Amino acid sequence: AKKTNSNKDEIRIGILNTPNDVAVARNKGYFEEAFPNQKVSFITFDSGVDANKALMSGGVDFATMGDTNGVVALTAYIPVKLLWINEMCGSNESLIVKKNSGIKNIADLKGKKIATPFASTSHYSLMIALKKAGLEHKVTLLDMDTQNIVAAWKRGNIDAAYTWQPTLSQLQSDGRVLIDSSDLSKMGYSTGNITLVSKKFLKEQPESVEKFVNVLAKTHKLRKDNYPETVKAAAKQTGISTADADKQMRGTDWVSKKAEYSTRYLGNESDTGQFIVEMHRAGTFMHSQQTISYAPSLDQFKKFVYQPKGD
Amino acid sequence: MKKKKSLLITTGVWVCLLAIWFAVTNLKLVSPILFPSPQEVWTTFTSILVHGYNGISFWQHLGITLFRLFSALILAILTAVPLGLASGMSKTIHSLVDSLIQFYRPIPPLAYYTILILWLGIGEGSKIVLLYLAAFAPIYISCVEGVHHLNQDYVLSAKSLGAGKWSIFKWVIFPGSLPDVFTGIRTAMGVSFSTLVAAEIVASTSGIGWMVIDASKYLKSSVMFMGIFILGGLGLLLDWLLQLLEHEWIFWKGKN
Amino acid sequence: MKKKKSLLITTGVWVCLLAIWFAVTNLKLVSPILFPSPQEVWTTFTSILVHGYNGISFWQHLGITLFRLFSALILAILTAVPLGLASGMSKTIHSLVDSLIQFYRPIPPLAYYTILILWLGIGEGSKIVLLYLAAFAPIYISCVEGVHHLNQDYVLSAKSLGAGKWSIFKWVIFPGSLPDVFTGIRTAMGVSFSTLVAAEIVASTSGIGWMVIDASKYLKSSVMFMGIFILGGLGLLLDWLLQLLEHEWIFWKGKN
Amino acid sequence: MDTLVKAQNLSIKYPNSDEPVIIDTNFEIKDNEIFVLVGPSGCGKSTILQALAGFIQADGVLTMNGQTIDTPDWQRGVVFQNSSLYPWFTVKDNVGFGLKARQFSKADIEKRVAYLLDLIGLSDQGNTKTFELSGGMRQRVAIARVLANKSPLLLMDEPFGALDAFTRAKMQKLILDIWRQEKTSIFMITHDLNEAIRCGNRIAIMNNHDKKIIEIKDNPFQNIDVEELDDFELERKIDKYRKSILELINQ
Amino acid sequence: MDTLVKAQNLSIKYPNSDEPVIIDTNFEIKDNEIFVLVGPSGCGKSTILQALAGFIQADGVLTMNGQTIDTPDWQRGVVFQNSSLYPWFTVKDNVGFGLKARQFSKADIEKRVAYLLDLIGLSDQGNTKTFELSGGMRQRVAIARVLANKSPLLLMDEPFGALDAFTRAKMQKLILDIWRQEKTSIFMITHDLNEAIRCGNRIAIMNNHDKKIIEIKDNPFQNIDVEELDDFELERKIDKYRKSILELINQ
Ligand SMILES: Nc1ncnc2c1ncn2[C@@H]1O[C@H](COP(=O)(O)OP(=O)(O)OP(=O)(O)O)[C@@H](O)[C@H]1O
Ligand SMILES: Nc1ncnc2c1ncn2[C@@H]1O[C@H](COP(=O)(O)OP(=O)(O)OP(=O)(O)O)[C@@H](O)[C@H]1O
Ligand SMILES: [Mg+2]
Ligand SMILES: [Mg+2]
């Protein structure tokens, strides 16, 4: 976390403390391998909110965050590009209710207290789920960090929460999942964690960006080829048990590099990716919720996406 | 005449700053996220005044914030003033409670907020208690000081005029320490006020402090700036009101 | 003799509380998350002392926190004292800067922290500036007051002893307002200290405040309690050190 | 005249020091007399007054009307050098303070207060705030406040020390008038010998070394205003008397 | 004797009020004289002193050695009722303050300070903190502090008003000794007529109404200690003199 101007000797990466591809690459030493002459430093953020602030102030060159925070970054004209989808959210993010609350389905949530970290992918997923059930203004939403969700859950202050792992497993002993992000994804409201790269860095060191993508792609490949080893690396890096890591990773989808820049996800120069379309949808929805001040156009989203050279 | 001049300078400073702000932002010398323009902040303000924020009207946000602040302050006054005066008057009570208060006083509120939430839940309770704890210590301490600084002749006179313990408390010690008590209340309000945003960070969806925090999540700078201005103005206003009250009630202050 | 008695009572209170804490937690009357037992807190403490926390030694955590605090305080002293004294002495400077400081003063630091981060980045800069801003206002204000409260006879005497402006400042106004300046510094330290946790909330991986926040994320109550005790003790210690310095340097305080 | 206060082998020590300030002193205050105590600064005058008031404890015998003095009491009203009027009360409320504390009826209080305000010439200032009064006026109110209780003994610690010489002369006259009208006893400390001579029935003298009252002189010149005198024979006598006191003080 | 200070048609108004406090007063202070000003409280004595010191502006003529007084200056040293010694400096540093401010050499300062400490009898207390001194000692240091500058004029506003009567008598003697030795002029305010008569070469009198000095009397009795006198003829004269002043004051 040095000063604002990025220098050639250091690559600063903002990370989330979850068992994702960045964690695996770190553990495996892929970064050192790819950047032998540069110092790679990692700055942990609690959420994409802080990561965005860091990108804005030039404190990091890359940052991982939920795609909703990516929408915020675009809306706020932060000079960044969408580089990579780290993972697609699935059962690792879900809406969980207390077992004894008598809530059987989403409709039963009417008048209940639901907690979620605002501005997160979970928040977005929850809002979509509620909107679909016509409950948008019929529940009490509470903005809480994941740790406070656990505390509030234990005390019985909340009836439900939309949150992610590892928080989720702490609630699962007396909770039941109503819906998870893979369900929403099927309806066309996918969410995922993405990595943004600062435009300045991209301009100065395009080849480093390329290498960065390849590092992450390598982990995605590793997962496909040797899942247990990937889990072990992720667990070690984030300091959790392999079982926990397995549970968390199982709920996510790591896309191959080829798929990333295909029409299913980020798209390419000619065709718009499906994920981008859904991100645009999210932007429009967030604007309708007044959480962002305007809805960026699909064109803006298209320009937002990084395109790898050649390959 | 001198007063007029200094008022002129002060106005000048603000006008200048506003002008620079206006110029710098409108010439697009800085990113609007780093520094939104005054028009933008103003538009945001009027729009929030009309449409509210997050589905709740501006006045409700303000109301809930003030409710939390005043509940905490009133609670603090009701408990800290008696305890502080008692601690000032009785050595025994002082040795019972003073060290506890001196110990908790310097702890940053955010450090124990999580524990408060664990104990009291996420509702208004923990928020108000957080603000209450912030307000309690300054009031308590200035009450103790108020009694200690009291002119001893006041008490001695009262005794040799035949006043009993209760009369002395009611007519001498209490009014005599009021100036200090009031200073304590003003400090307490300042401290509570600066804890306000921390209190509204967790499990809130209303309040001016929450609004600023929420806006910062979406990097809505104009809302952040607006919130900051509102909080600054509100802080000034509340302190000014307390000063008015002080002037009215403690008319003898500084006149002896 | 009386002092001994009150010391006895105070010790008694702490022993009692400790005993209750011990009893309640060891009889498992409350969940260890809500209230960890004293042994647990102690074990956590010794283990962190030996092994550090999050791969960083305890002393480094303490060091970085103190570094942030003192950088901010020293910066604040170096800027707020000259400005405050100047503002106390000159009406023009007062009208130039006072309203600005009065306006920003009540704003809760957390409200503008995001903006500081956007402007200054996530490094030490924004953290120290946050603490600096918290410390600046109290020092400035008490410097202004120090000059205003100065016995006018001191200045008049100096003038008719042939002292020029600079001599008057150096030998009369500066030492004469030192008692107030020091009070301001003590207040500033308190305010900065209570902002410490807020400053270490964002993008930190070290510092005592961060440790408490991090522990609260994983509901490690024993670490939270330990952190709270350390912060409380540290706050008391620092204030006590300042009081010692004050006693040493401002030996004439309260003696006139 | 009957004895009102009796002090025998009176010794006084402050709790925070080992050295006694007063050692083995003896004196009596009689009914309806003005007993003036003079002596250099720091000799222990105020200490004796505090013991009389019951503010501090003393060893030896110290009784009033045969009862040991060990606590403050409305029967011994105190007037300090700088009036300790309560600034949050009006003049009236200050004067009525003792009676209210002793739960007299409202009507009684009002009557007595009105009478006393008239006595001190401040009838029009009953509702004034005390900080709006001049020093002399304030001291008059302080005197009225203790008079309200009809205290048999008034203790005054340099009551006019903070006033200028010209106001002071007027206050001395006032005290003598009040004393005659209200028939109370007064114990008064001063460091102005003229004041002592003008006001005292008897003058007690302390010096810097003995830690006790070394002599109590009858004063044949009470109520004589030296500054307006035309009888030089008398004036000579007064001067001689004053010098004999000074000599004792400076011993 | 030469005229040191000249005041003609002097009028003084405080900036925050419209009513002038002093109107059209005239007086002169001569070289090497003690000029004493007496008058009731609030008549404007301190106001005149402040104008002389240059602390406040006055209308009319106010000159010292022919130069208009409009700012404070080391040539006019001021001693306040409650000494304004700097508690953060030692006795020595307080006495040497003016010389240091005027950039005298260290050696010069030390010599002069040592001489003055000897003069006021505090040679042993040079390194003492001022708050450890008694009231009388402190006032002596305050006087030494202005003497250090060899100011031709000393302005004293009730310099001994806060001291007890017995210390005060000693200070009066000290002032007269110093005045003789240092050959300075002194302007002194007091509300103690005995002090005025003992110290003054001339006594200026103000009353409560005229807002000016109504008369300036030569004082033939300077340096006579009334309380130790044995010549009753002289005493009678002094008494008459005092009464004539009192009459003027109470006009
Ligand atoms: N509260 C106290 N504790 C300890 N010593 C005290 C206290 N008050 C006074 N003394 C000491 O007792 C002695 C007598 O003090 P006291 O006030 O009785 O003198 P005094 O005759 O009234 O003097 P003054 O004329 O200056 O008022 C002094 O030496 C003083 O230092
Ligand atoms: N700073 C001031 N502003 C306005 N009026 C003042 C100020 N100081 C004094 N006065 C008024 O000027 C008048 C004369 O005051 P001054 O202090 O000169 O009296 P004094 O003769 O020195 O009285 P004392 O013997 O009580 O010291 C008084 O009526 C007073 O109220
Ligand atoms: Mg005394
Ligand atoms: Mg005066």
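Residues numbered from 1 in each chain as written. Chains lettered and ligands numbered in written order. Predicted model: local features only at pLDDT ≥ 70, side-chain atom pairs only at ≥ 80, totals over all residues. Heavy atoms only, no water.

Asker: Would you explain the pairing of strand S1 (residues 3-13) of chain E in this entry?
Answerer: Two faces, one strand: in a regular strand the side chains alternate between the faces of the sheet. Residue and element names in this part refer to chain E. Sheet topology places S1 next to strand S2 (residues 20-30); seven bridges connect them, and they run antiparallel. Note on S2: the bridge partner recorded for Lys6 is Glu28. Taken together, S1 and the strand that follows it, S2, pair antiparallel across an intervening segment of six residues. In this structure, S1 lies alongside strand S4 (residues 59-64), joined through five bridges in antiparallel fashion. Within S4, the residue paired with Gln8 across the bridge is Val61. (Pairing = 2+ DSSP bridges. Helix = DSSP H or I, 4+ residues; strand = E, 2+ residues; numbered from the N terminus.)

Asker: Can you walk me through the interface of chain B and chain D in this structure?
Answerer: With 19 residues of chain B at the contact, the number on the chain D side is 24 residues. Taken together, the two surfaces of chain B and chain D that pack against each other cover about 2,000 Å², and 72% of this comes from carbon and sulfur. Of all residues in chain B, Ser160, Leu161 and Trp171 of chain B give up the largest surface area on contact with chain D, accounting jointly for 36% of the area buried on that side. At the junction of chain B and chain D, the tally comes to zero salt bridges. Taken together, the links from chain B to chain D amount to five residue pairs in polar contact (both at pLDDT 80 or more). Counting only elements with at least two residues in the side of chain B that touches chain D, the list comes to helix H7 (152-160) and helix H8 (165-199) of chain B. The residue inventory of the side of chain B that touches chain D, partitioned by class, reads 10 nonpolar, six polar and three charged. (Contact = heavy atoms within 4.5 Å. Buried area = accessible area lost by both parts, 1.4 Å probe. Salt bridge = Lys/Arg side-chain N within 4 Å of Asp/Glu carboxyl O. Polar contact = N/O pair within 3.5 Å; in protein donor to acceptor, adjacent residues only side chain to side chain. Nonpolar A, V, L, I, M, F, W, Y, C, P; charged D, E, K, R; others polar.)

Asker: Before we go on, may I ask you to explain the site of ligand 2 in this structure?
Answerer: All names here are of chain E. The environment of ligand 2 is made up of Tyr14, Asn16, Val21, Ser41, Gly42, Cys43, Gly44, Lys45, Ser46, Thr47 and Glu158. Take Asn16: an N or O atom from its side chain is 3.3 Å from a nitrogen atom of ligand 2. A distance of 2.5 Å separates an oxygen atom of ligand 2 from a polar side-chain atom of Thr47. Across the complex, the protein chains shield 59% of the 630 Å² of accessible surface that ligand 2 would expose by itself. Of the residues forming the shell around ligand 2, the biggest block, three residues, is contributed by helix H1 (residues 45-53). (Near = heavy atom within 4 Å. Areas by Shrake-Rupley, 256 points an atom, 1.4 Å probe, with all protein chains shown as cover.)

Asker: Looking at this structure, I do not really get the relation of the copies chain B and chain C. What am I missing?
Answerer: One chain copy maps onto the other through a rotation about an axis and a shift parallel to that axis. Aligned on chain C, chain B shows an RMSD of 0.1 Å; the corresponding rotation is 180 degrees and the shift along the axis is 0.0 Å. In the structure described here, the two chain copies are related by an operation that fits a two-fold rotation axis. A share of 100% of interface residues in chain B that are also interface residues in chain C marks the association as one of identical surfaces. (Least-squares fit on C-alpha atoms with pLDDT ≥ 70 in both.)

Asker: How should the packing of helix H3 (residues 58-89) of chain B against H8 of chain B be read in this particular structure?
Answerer: For any two helices packed against each other, one specifies the inter-axial angle together with the distance between the axes. Residues and elements named next belong to chain B. Running from N to C, H3 and H8 point in directions that differ by 140 degrees, and their axes come no closer than 9 Å. Put simply, H3 runs oblique to H8. In this structure, H3 meets H8 at a crossing whose hand is right-handed. Along the contact surface, H3 presents Thr65, Leu69, Leu73, Ile77, Val81, Leu85 and Met89, while H8 presents Phe169, Ile173, Phe174, Ser177, Val181, Ile185, Ala188, Met189, Ser192, Phe193 and Leu196. (Axes fitted to C-alpha atoms, helices over the stretch in contact; angles between N-to-C directions. Parallel < 35°, antiparallel > 145°, perpendicular 65-115°, else oblique. Left-handed = near helix turned anticlockwise from the far one by under 90°.)

Asker: Honestly, the site of ligand 1 in this entry has me stumped. Any pointers?
Answerer: Residue and element names in this part refer to chain D. Within the structure, ligand 1 sits among Tyr14, Asn16, Val21, Ser41, Gly42, Cys43, Gly44, Lys45, Ser46, Thr47 and Glu158. The backbone of Cys43 places a nitrogen or oxygen atom 3.3 Å from an oxygen atom of ligand 1. Relative to its unbound accessible area of 640 Å², ligand 1 is 59% covered by the protein chains. Considering every element that reaches the shell around ligand 1, the biggest residue donor is helix H1 (residues 45-53), with three residues. A class-by-class count of the residues in the shell around ligand 1 yields three nonpolar, six polar and two charged.

Asker: What should I look at first to understand helix H6 (residues 146-155) of chain A in this one?
Answerer: A turn of α-helix holds 3.6 residues, and therefore any two residues three or four places apart point the same way. When you tally the buried positions in H6 of chain A, you get eight out of 10 residues, the bulk of the element. Taken together, the buried positions of H6 of chain A are occupied by Thr146, Gln147, Asn148, Ile149, Val150, Ala151, Ala152 and Trp153 of chain A. (Buried < 20%, exposed > 50% of the residue type's maximum accessible area, 1.4 Å probe, protein only.)

Asker: Help me out: how do you make sense of the pattern of salt bridges in this one?
Answerer: Once their charged atoms are close, side chains differing in charge can pair, the charge on each being opposite to the other. Throughout the structure, instances matching the rule amount to 40 salt bridges over all chains. When salt bridges that share partners are traced, they join Arg186, Asp239, Glu246 and Lys253 of chain B into one network.

Asker: It is not clear to me how the side chain of His61 of chain B should be interpreted in this structure. Could you clarify?
Answerer: Residues and elements named next belong to chain B. With respect to the secondary-structure elements, His61 resides in helix H3. Under the relative-accessibility criterion, His61 is labelled buried at 0%. Each residue touching His61, except ones within four places of it in the same chain, is listed here: Tyr53, Ile56, Thr205, Ser206, Gly207, Ile208, Trp210 and Met211.

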